[in-house]
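Observations on the three-dimensional arrangement
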Amino acid sequence: MADIVVDGFTRVAFVTAIASQAAPTTAELNAGILLQSVMTPDGLTGFEPTTADVDNSALNSTFNTVTIGRDSFSGTKLIFKKQATGDTAYNTLTRNTTGFIVVRRYLAESTAWASTQVVEVYPVIFGQTRNLAPAANTVTKWEVDTKITSSPTIRGAVA
């Protein structure tokens, strides 16, 4: 088996409308804005779910048992490199904007959307844009809180 390298193998898009989170169409995805080329390497932050424990032990238990509870995400945000001109992401992903963040992993980012590709679809609303503090030897960066507004689809497939 060969390992999958992360570099160049993640595609991220902002899409304003998707009829079925479990099966977004290529037309819906192509109408979106591709973001990966203006994001920092660590720019897809907090899009890893955690599942809470629910104690289901009984009074007569001699061993603590648990089952799964609610899934959640924390600290979800996108981090970008500020563009000198034509900064579509900066001008689009503003406070109160809603839509979907679509993530496709494990396939070259330059590969076009196609039927049966596995995608993650997150319904979101954006918070306020934050310009990040300047630092030596780096590009100018900004970030935006990305609130997940309802249950995402973690294993959808392009229709």
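Reference entry: report on the structure contained in this document. Just so it is clear, the model here is predicted, and its values are computed rather than measured. (Residues numbered from 1 in each chain as written. Predicted model: local features only at pLDDT ≥ 70, side-chain atom pairs only at ≥ 80, totals over all residues. Heavy atoms only, no water.)

Turning our attention to unusual backbone geometry. In terms of backbone geometry, most residues other than glycine have negative phi values and most peptide bonds are trans. Although it is not a glycine, Thr116 sits at a positive phi angle of roughly 80°. Within the fold, Thr116 resides in the loop between β7 (98-105) and β8 (118-131). Relative accessible area serves as the criterion here: at 62%, Thr116 is assigned to the exposed category. Look at Asn137: it is not a glycine, yet its phi comes out positive at around 60°. You can see Asn137 is positioned in the loop between β8 and β9 (141-148). (Helix = DSSP H or I, 4+ residues; strand = E, 2+ residues; numbered from the N terminus. Buried < 20%, exposed > 50% of the residue type's maximum accessible area, 1.4 Å probe, protein only.)

Moving on: the environment of Trp142. Note that Trp142 resides in strand β9. A residue is classified by how much of its surface remains accessible, and Trp142, at 0% relative accessible area, is buried. A sequence separation of 125 residues divides Trp142 from Ala17, and the C-alpha atoms of the two residues are 25 Å apart.

Before going further, it helps to examine the nonpolar core. One finds Leu35, Leu78, Phe80, Leu93, Ile101 and Phe126 to be the most contacted residues of the largest nonpolar core, which totals 18 residues. Looking at this core, the elements with two or more residues in it are β1 (10-15), β3 (39-45), β6 (77-81), β7, β8 and β9. Not counting residues within four places of it along the chain, the set of residues in contact with Phe80 comprises Leu35, Val38, Met39, Thr40, Ala89, Leu93, Thr140, Lys141, Trp142 and Val144. By size, the runner-up hydrophobic cluster in this structure holds 10 residues, among which are Val15, Ile18, Val119 and Val121. (Core = buried A, V, L, I, M, F, W, Y, C linked by side-chain atoms within 4.5 Å. Contact = heavy atoms within 4.5 Å.)

Bringing the pattern of salt bridges into the picture now. Throughout the structure, instances matching the rule amount to five salt bridges. Note that Asp145 is salt-bridged to Arg130, the shortest N-O span being 3.0 Å. One end of the pair, Asp145, is in strand β9; the other, Arg130, is in strand β8, and 15 residues separate them in sequence. (Salt bridge = Lys/Arg side-chain N within 4 Å of Asp/Glu carboxyl O.)

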